[in-house]
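Residue-level structural notes
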Amino acid sequence: MTIESTLSWGNTVAETATGDFADFYRSSYSLVTAQLYALTGSTAEAEEVAQESFMRAWSRWATISGYDSPAAWVIKVGTRLAVSRWRHARSGLKAIVRHGPDESAPEPGPYSVAVVAALKQLPMAQRRALVLHHMGGMSVAEVAALEEVPEGTVKARLSRGRTALAPLLADEASTPTKSPEVLGDA
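Here is a short report on the structure shown in this document. Bear in mind that the values here come from a model prediction, so they are computed numbers and not experimental data.

1. Considerations on the packing of helix α6 (residues 110–119) against helix α9 (residues 151–170)
One way to put it is that α6 packs onto α9 with a least axis distance of 9 Å and a crossing angle of 130°. In this view, α6 runs oblique relative to α9, as classed from their interaxial angle. Judged by the twist between their axes, the crossing of α6 over α9 is right-handed. Of α9, the residues touching α6 (which contributes Tyr111, Ala114, Val115, Ala118 and Leu119) are Leu165, Leu168 and Leu169. Residue composition of the contact of α6 with α9, by class: eight nonpolar, no polar and no charged.

The following block contains the structure:
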């Protein structure tokens, strides 16, 4: 989908404004994301903040298009958004440090740690099937619908995943070789 098709309203004034904004977007997107990348240090974060900034610019385009440098406005908004995200993350981290870990949540036992370590060694498709089915409580049909694959594919992933998981868990001296929660039948 192009920006023109996303933003067009179907009348002459809107089409002109859309064309102007689309040209502005195309010509300044790289500059804006580069500046925001330098600020955030993350391509994904820079792109998210840039998109939000451009959306805000679009909603005020009639005013912003008259500025000497609309891109500077977008960069300024993006900078403020990035700083706001940092502050929000910092506040959350301070709350965790201040209150400490949730004492009602039990620490993972050695078997849980071993299962997670073993799951990390499996291919992503098998890992997702095992986790969704055995830990998430989803049926084979539900996993198949979520993954957009046939049920037989999910059953094969479960079987292969269990087969690959068993020796990985058997290597752990302090853990049992089988667990009904993880290695049960599909």
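Still more ground to cover, so stick around.
2. What about a nonpolar patch on the surface?
There is a patch of nonpolar side chains on the surface, built from Leu93, Ile96 and Val97 and spanning about 320 Å² of accessible area. Along the chain, valine 97 turns up in helix α5 (residues 70–99). The exposure class assigned to valine 97 is exposed, which follows from its relative accessible area of 64%.

3. A short note on the packing of aromatic side chains
Enumeration according to the criterion identifies nine aromatic pairs in this entry. A centroid spacing of 5.1 Å and a plane angle of 80° characterise the contact between phenylalanine 21 and tryptophan 61, whose relative ring orientation is edge-to-face. Of the two residues, phenylalanine 21 is situated in helix α2 (residues 12–40) and tryptophan 61 in helix α4 (residues 61–64); the sequence distance between them amounts to 40 residues. When its relative accessible area of 2% is taken as the criterion, phenylalanine 21 is described as buried. Among the residues examined, tryptophan 61 registers a relative accessible area of 8% and is labelled buried. Connected via pairs of aromatic rings, a cluster forms that spans Phe21, Phe24, Tyr25, Tyr29, Phe54, Trp58 and Trp61.

4. With respect to the pattern of salt bridges
For the structure shown, the criterion picks out six salt bridges. We note a salt bridge from glutamate 147 to arginine 128, for which the minimum N-O separation is 2.5 Å. Taken together, the positions of glutamate 147 in helix α8 (residues 140–147) and arginine 128 in helix α7 (residues 124–135) put the pair 19 residues apart, joining distant regions of the chain. Taking the relative accessible area as the measure of exposure, arginine 128 reaches 35% and is therefore partly exposed. Among the salt bridges present, the one from glutamate 147 reaches arginine 157, with a minimum N-O distance of 3.8 Å. A residue pair is termed long-range when its members are at least 10 positions apart, and glutamate 147 in helix α8 and arginine 157 in helix α9 qualify at 10 residues. By sharing partners, the salt bridges in this structure join Glu45, Glu48 and Arg85 into a single network.

Conventions and cut-offs
Residue indices begin from 1 for each chain and proceed along its sequence in written order. Where local features are concerned, this predicted model is filtered to residues with pLDDT of at least 70; where side-chain atom pairs are given and counted, the filter is 80 or more; whole-chain, interface and lining totals use all residues. Processing note: side-chain calculations cover all non-hydrogen atoms of the structure and skip hydrogens and water entirely. For helices, the fitted axis covers only the stretch in contact; all axes are lines through C-alpha atoms, and the angles between them, taken along N-to-C directions, range from 0 to 180 degrees. Every helix listed is a DSSP run of H or I at least four residues long, and every strand listed is a run of E at least two residues long, numbered separately from the N terminus. Angles are sorted into four bins: roughly parallel if under 35 degrees, roughly antiparallel if over 145, roughly perpendicular if 65 to 115, and oblique for all others. Each crossing gets its hand from how the near helix is turned against the far one by less than a right angle, where anticlockwise is left-handed and clockwise is right-handed. When checking whether two residues touch, look at their non-hydrogen atoms; a contact exists if any pair is within 4.5 Å. Gly counts as polar in this scheme, as do all residues outside two lists: the nonpolar Ala, Val, Leu, Ile, Met, Phe, Trp, Tyr, Cys and Pro, and the charged Asp, Glu, Lys and Arg. Patch construction takes residues with relative accessible area above 30% that form no salt bridge. Like charges are linked within 9 Å, and nonpolar side chains (Val, Leu, Ile, Met, Phe, Trp, Tyr) are linked within 5 Å. In short, Shrake-Rupley with a 1.4 Å probe defines the accessible areas, and a residue's cover is counted only from the protein chains shown. Each salt bridge in this description consists of a side-chain nitrogen of Lys or Arg and a carboxyl oxygen of Asp or Glu lying within 4 Å of one another. Summary of the burial criterion: residues with accessible area below 20% of their type's maximum are buried, those above 50% are exposed, and those between are partly exposed, where the area comes from a 1.4 Å probe applied to protein chains only. Here a Phe, Tyr or Trp ring, Trp counted by its six-membered ring, pairs with any other such ring whose centre lies within 6.5 Å, and the pair is stacked when the planes are under 30 degrees apart, edge-to-face when over 60, and tilted otherwise.

Just geometry here; none of it tells us what the structure is for.
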